[in-house]
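Here are the chains, one letter per residue:
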Amino acid sequence: MIRVVARRVLVAVALPIILVGIWWSVTQSSTDVFWPPLSKILSSFAPTWFEGRLTSDVVPSLVRLAVGYGIAVIGGIAAGTAIGSFRMLREILEPILEFLRAVPPPVLIPVIMLFAGIGNTMKIAVIAFGCAWPVLLNTVEGVRSVDEVLRDTGRIYRLRRRTGLAKIVLPAAAPQIVAGARQALSIGIILMVISEMFAATNGLGFTTIQFQRTFAVPQMWTGILLLGIIGVVLAFLFKLVERRVLAWYLGIRQTQRKG
Amino acid sequence: MTTTPVSIDAAGDRDRTKFNRDRPVLAVEHVQKTYRSRERSVEAIRDLHFTVQAGELVCIVGPSGAGKTTLLRCIAGLLPVSGGTVVFEGEKVSAPPAGMAVVFQEYARSLFPWMTVRQNVILPLKEKKVPRAERARLTDEALAAVGLADSHDAYPWQLSGGMQQRVAIARAVAYEPDILIMDEPFAAVDAQTRAELEDLVRELWRRLGVTVLFVTHDIDEAVYLGQRVLILSNRPTVILEDVAIDLPDDRNQLETRSDPVFAAHRAHIYGRIQEAKRGTAPSRPSSD
């Protein structure tokens, strides 16, 4: 058992270690200003981020991401459930949704800046707008494709609309909703950074761009590393939530694979 | 079209209806169903007319494609009829009525996979506002009755097909319906399990006195289970014959199935269905 775990850990970390090793050795004697040695980047990591910027830049960024993402997930599920449940609504909204979805969220930043300024509201709005689409569209699809027999069962036992929604429709659509939320999370991280590159006074993206503009190259690299780490940690947290929410679904898939 | 007179006082007086064995619990009155789309219309059910008395166990048997599932969905109020009416406990059915439970063929799609066995059984009771202690008792009893007293906390997909269908039956039984409708419930389980489940249905029916309407394509199953067997024709569906099964109430897989009466019924129904399949077009039966 322990050997199996050890092997899996080894397989998972082998490639990253090799790549970091290559990076380290290739850049070790580098004098290129834009490609500083990895050792230099790592040694400037702690002073760059852990002496004040954690609270002044990293936390504000993450809070904006959390709020924007939260709005997108809740709003996307709510709107998606309504649209998925009523065919009329779907037919009316489909063309508009297709259009809005095709608009890349970053181009909305100038527009949103006009009425929301350059503060938190603008950044949260951009993140929420970008994240909402995968959640919304996946929810519509998930709600629409709830099994006919499940629906009939709910009707036969005269489940009220609310019960049917909470106990049948949403759980049945959950695998698709979660898939949408996962997609939205990576979009959210991208938009968190981009929204800060346009106009901001703090944040991860802002600081990283600021380093680049002032030729603080090793510090710029640490910003990129930190963003990567945040992405990995968020993905891991997402997986934990997914395992709880979709325990039944993962269980079914596992029994199917075995049988 | 003639309609059978339906006593009006039955409405809202469930108890009296339940124990009055002379009044039909379910009256299917000249029901027709035609599926219409823009291009064409398909006549699925031409004319079905029959009643089920309280406490009866009636089987409906017909060749595949006879519109059995369509009929069942019409009776259950899941599908609007194109003509005629379905009357359940004195009231016209337009949506699934209270007092009716359905066990579907596709047990894996009818149970909620995100709920445990117990949660599956108890949910309709909560929705019916059955008091807490009462619904716990009903759930315990129903699961025990189908032989799943040990599986309360399992998830349906952890169980075998036969056991999953037992959960669906337990859910229906705990709901305390006045009529239990079963749509080819055992078509997807193996023969051994099937025999066990057939006996379970007979046992539950005798013990609980619930009215059962059992739809199947299996002639043996229909004769073994039913007090009456309604033979359906091919599409567009009519009832070819209403056969009373004069087998004793105590039935078991071995003796009943080798009983000459069983064999005679089986042969007769088999013949009628073959006729129907060969396409001796069913003429519109005269209205009675």
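Since the structure is predicted, the reported quantities are computational estimates derived from the model, not experimental observations.

Some details on the overall build of chain A
When its secondary structure is counted, chain A shows twelve helices and zero strands. Written out in order from the N terminus, the α and β elements of chain A read α-α-α-α-α-α-α-α-α-α-α-α. By principal-axis analysis of the C-alpha atoms, chain A measures approximately 75 × 60 × 30 Å. Considering chain A as a whole, with its 259 residues, one finds that 32% of them fall into the buried category. Residue pairs in contact within chain A that sit at least 24 positions apart in sequence constitute 72% of those at least 6 positions apart.

Regarding the interface of chain B and chain A
Contacts between the two partners involve 21 residues from chain B, matched on the other side by 19 residues from chain A. Elements with a minimum of two residues in the side of chain B that touches chain A: β6 (100-103), α3 (107-110) and α4 (117-127) of chain B. By residue class, the composition of the side of chain B that touches chain A is 16 nonpolar, two polar and three charged.

Regarding the sheet that holds strand β7 (residues 179-183) of chain B
All names here are of chain B. Read from one edge to the other, the open sheet built from ten strands follows the order β5-β4-β1-β2-β10-β9-β3-β8-β7-β6, with strand pairing classed as mixed. Where the open sheet ends on each side, the last strands, each with one partner, are β5 (91-92) and β6. Pairing geometry for strand β4 (residues 83-88) and β5, over two bridges, is antiparallel. Its bridge partner being in β5, V87 is matched across the sheet by K92. In this fold helix α2 (residues 68-75) packs onto β1 (24-36), β2 (41-53), β3 (57-61), β4, β7, β8 (211-216), β9 (228-232) and β10 (237-244), with an angle of close to 120° to the strand it touches most, β1.

What to know about the packing of helix α9 (residues 161-198) of chain A against helix α11 (residues 217-245) of chain A
For any two helices packed against each other, one specifies the crossing angle of their axes together with the interaxial distance. All names here are of chain A. Relative to each other, α9 and α11 sit at 165°, their axes nearing to 11 Å. Relative to α11, the element α9 lies roughly antiparallel. The hand of the α9/α11 crossing is right-handed. Listed contacts from α11 to A174, V178, R182, L185, I189 and V193 of α9 are L227, G231, L234, F238, E242 and V245. For the contact of α9 with α11, the class distribution of residues is nine nonpolar, one polar and two charged.

Considering the domain arrangement of chain B
Residues and elements named next belong to chain B. Here chain B is described as being made up of domain 1 (19-99 + 179-185 + 194-288) and domain 2 (100-176). The gap between the C-alpha centroids of domain 1 and domain 2 is 25 Å. Listing elements by their share of the side of domain 1 that touches domain 2, those giving two or more residues are β7 and α7 (191-208). The element that contributes the greatest number of residues to the side of domain 1 that touches domain 2 is β7, accounting for five residues. Per-class residue counts for the side of domain 1 that touches domain 2 are 13 nonpolar, one polar and two charged.

Quick word on helix α5 (residues 87-102) of chain A
Residues and elements named next belong to chain A. Counted at 1.5 Å a residue, the expected span for α5 with its 16 residues is 22 Å, and the 22 Å between its end C-alpha atoms agrees. Maximum bend of α5: about 45°, positioned at L93, with proline P95 one to four residues after it. Within α5, only zero of the 16 residues are buried, leaving the element largely exposed.

A look at helix α10 (residues 204-213) of chain A
Residue and element names in this part refer to chain A. Residues of α10 that are buried: L204, G205, F206, T207 and T208. Of the surrounding elements, those touching the buried residues of α10 are α4 (53-85), α9 and α11. Positive phi appears at F215, one or two residues downstream of α10, with a value of about 55°.

Overview of the environment of R144 of chain A
You can see R144 of chain A is positioned in helix α7 (residues 120-144). With 117 residues separating them in the primary sequence, R144 of chain A and T27 of chain A have C-alpha atoms 53 Å apart.

Here's the deal with the pairing of β10 of chain B
All names here are of chain B. Pairing between β2 and β10: two bridges, direction parallel. Among the inter-strand pairings, D47 is bridged to a residue of β10, identified as V238. The pairing of β9 with β10 spans five bridges and is classified as antiparallel. Residue I231 lies in a different strand from β10, and its bridge partner there is E241. A loop of four residues connects β9 with β10, the two strands running antiparallel in sequence.

With respect to the confidence of the model for chain A
Per-residue confidence for chain A gives a mean pLDDT of 91; residues scoring 70 or more make up 100%. Across chain A, α4 of chain A holds the top mean pLDDT of 94, while helix α6 (residues 108-116) of chain A sits lowest at 84.

Considerations on the confidence of the model for chain B
Per-chain confidence: chain B averages 83 in pLDDT, with 89% of residues scoring 70 or above. Contacts of residues 1-19 of chain B to residues separated by more than four positions or lying in other chains number 26 contacts, the stretch itself having pLDDT below 50.

Concerning the nonpolar core
Counting 124 residues, the largest nonpolar core has V135 of chain A together with A170 and I181 of chain B as its most contacted members. Of all the elements, α7 of chain A adds the most residues to this core, at 15 residues. Two domains share this core, each providing at least three of its residues, namely domain 1 (19-99 + 179-185 + 194-288) and domain 2 (100-176) of chain B. Not counting chain neighbours up to four residues away, the residues in contact with A170 of chain B comprise V121, A142, L143, A145, V146 and L148 of chain B.

Overview of unusual backbone geometry
Positive phi, close to 55°, is recorded for F215 of chain A, a residue that is not glycine. Examined against the element boundaries, F215 of chain A turns out to sit in the loop between α10 and α11.

Topic: the pairing of β6 of chain B
All names here are of chain B. By the alternation rule, side chains of β6 split into M100 and V102 and A101 and V103, which are all buried. Strand direction decides the pairing type here: β6 and β7, joined by four bridges, are parallel. Residue M100 lies in a different strand from β7, and its bridge partner there is I179.

Thresholds applied
Residues numbered from 1 in each chain as written. Chains lettered and ligands numbered in written order. Predicted model: local features only at pLDDT ≥ 70, side-chain atom pairs only at ≥ 80, totals over all residues. Helix = DSSP H or I, 4+ residues; strand = E, 2+ residues; numbered from the N terminus. Buried ≥ 20, exposed ≤ 12 C-beta atoms within 10 Å, placed from the backbone. Contact = placed C-beta atoms within 7 Å. Nonpolar A, V, L, I, M, F, W, Y, C, P; charged D, E, K, R; others polar. Pairing = 2+ DSSP bridges. Axes fitted to C-alpha atoms, helices over the stretch in contact; angles between N-to-C directions. Parallel < 35°, antiparallel > 145°, perpendicular 65-115°, else oblique. Left-handed = near helix turned anticlockwise from the far one by under 90°. Domains from an automatic or database assignment. Expected span 1.5 Å × (residues − 1). Bend = angle between axes of the 7 residues up to and from the residue. pLDDT = per-residue confidence, 0-100. Core = buried A, V, L, I, M, F, W, Y, C linked by C-beta atoms within 7 Å.

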